[in-house]
Amino acid sequence: MNTDEQIVEAVKGGGSKGLGLMVSHYGQQVFAMIARQVGNAMDAEELTQDTFLRAFSHIASYDPKRASLATWLSRIAYRLTLDFLKRQRPLIVSIDDTEVWQTDISNEQLEAELSTGNEERILRLQLLMDNLPPDERLLLTLHYFENRQLDECAYIMDSTSHALANRLYRIRLKLYKKLKQYDNQ
């Protein structure tokens, strides 16, 4: 098995061997992250290819002291996917979204409310998540579906752990409020 260091050296050496190693080690992970967001396999494949081509051409900027190779690739994929999603559908912010932070519910209460429910409620939550702005969906994907720590998400999203913790709270609160609206119909 090749280490990140060996893969990076092979890529820096040029040729297709290094790129092949990188893709064989991280291709599925990058594709899965992108596919969860774009929903179309062809678009996900193209974005995955773009991610590796960008990584290949910018390998000199990779710093193993800042992040693992997988995290660095995820950062590239995140940026390309976010740009793609922004081109696909315009960002629409409802008036309700601007008031989302004004409530008295704790983080623990939000987690309990959003993590329990019947199958219908889970499907409704998935639909609500699909309608979030791309950057919010990507943050949820990285943190909850890929089980990445906030510091790793912060590197990928070029943010801070504290800022992302606040964003996660606001996103969960938004989902909670929309679920409550649906439950009360």
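For the structure, see preceding data.
Residues numbered from 1 in each chain as written. Predicted model: local features only at pLDDT ≥ 70, side-chain atom pairs only at ≥ 80, totals over all residues. Heavy atoms only, no water.

A. Main features of the side chain of E146. Tracing the sequence through the fold places E146 in the loop between α8 (134-145) and α9 (150-157). At 2.9 Å, the side chain of E146 forms a polar contact with the side chain of R36. Of the polar contacts made by the side chain of E146, one reaches the side chain of R148; its length is 2.8 Å. When sequence neighbours within four positions are dropped, the list of residues in contact with E146 reads M33, R36 and T141. (Helix = DSSP H or I, 4+ residues; strand = E, 2+ residues; numbered from the N terminus. Polar contact = N/O pair within 3.5 Å; in protein donor to acceptor, adjacent residues only side chain to side chain. Contact = heavy atoms within 4.5 Å.)

B. Spatial organisation of the pattern of salt bridges. Applying the stated criterion across every chain, the model contains seven salt bridges. A salt bridge links E146 to R148; the nearest nitrogen and oxygen atoms lie 2.8 Å apart. Linking E152 and R148 is a salt bridge whose minimum nitrogen-to-oxygen distance equals 2.8 Å. Of the residues examined, E152 reaches a relative accessible area of 25% and is grouped as partly exposed. (Salt bridge = Lys/Arg side-chain N within 4 Å of Asp/Glu carboxyl O. Buried < 20%, exposed > 50% of the residue type's maximum accessible area, 1.4 Å probe, protein only.)

C. Region of interest: the packing of aromatic side chains. Counted by the stated rule, this structure contains one aromatic pair. We note R75 situated over the ring of Y155; from NZ or CZ to the ring centre the distance is 4.5 Å. (Phe/Tyr/Trp six-rings, centres within 6.5 Å; stacked < 30°, edge-to-face > 60°. Lys NZ or Arg CZ within 6 Å of the ring centre and 35° of its normal.)

D. Looking closely at the packing of α8 against helix α10 (residues 161-183). α10 packs onto α8 with a crossing angle of 105° between their chain directions and a minimal axis gap of 11 Å. As the angle between them shows, α8 and α10 are arranged roughly perpendicular. Facing D135, E136, L139, L140, H143 and Y144 of α8, the residues of α10 in contact are L164, R167, L168, I171, R172, K174 and L175. Each residue belonging to the contact of α8 with α10 can be placed in one class, and the counts come to seven nonpolar, one polar and five charged. (Axes fitted to C-alpha atoms, helices over the stretch in contact; angles between N-to-C directions. Parallel < 35°, antiparallel > 145°, perpendicular 65-115°, else oblique. Nonpolar A, V, L, I, M, F, W, Y, C, P; charged D, E, K, R; others polar.)

E. Fine view of helix α4 (residues 69-88). Its 20 residues place the ends of α4 28 Å apart at the C-alpha level, agreeing with the 28 Å of an ideal helix rising 1.5 Å per residue. By the criterion of burial, α4 is predominantly enclosed, with 15 of the 20 residues buried. (Expected span 1.5 Å × (residues − 1).)

F. Broad picture of the environment of L179. Residue position: L179 is located in helix α10. Judged by its relative accessible area of 1%, L179 is buried. C-alpha of L179 to C-alpha of R124: the two residues are 55 residues apart in sequence and 7.5 Å apart in space.

G. Structural detail: the nonpolar core. Core analysis: the biggest nonpolar cluster contains 48 residues, and M22, Y26, L69, W72, L73 and L175 have the highest contact counts within it. When contributions to this core are tallied by element, the ones reaching two or more residues are α1 (4-12), α2 (15-38), α3 (41-57), α4, α7 (119-130), α8, α9 and α10. Top contributing element to this core by residue count: α4, with eleven residues. (Core = buried A, V, L, I, M, F, W, Y, C linked by side-chain atoms within 4.5 Å.)

H. Structural context of α1. Among the residues making up α1, those that are buried are I7, V8, A10 and V11. End-on, the buried residues of α1 take up no more than an arc of 160°, which puts them together on one face. In this structure, the buried residues of α1 make contact with α2, α3 and α4. Just downstream of α1, G14 is the residue with a positive phi angle, here 85°. (Arc of directions from axis to C-beta.)

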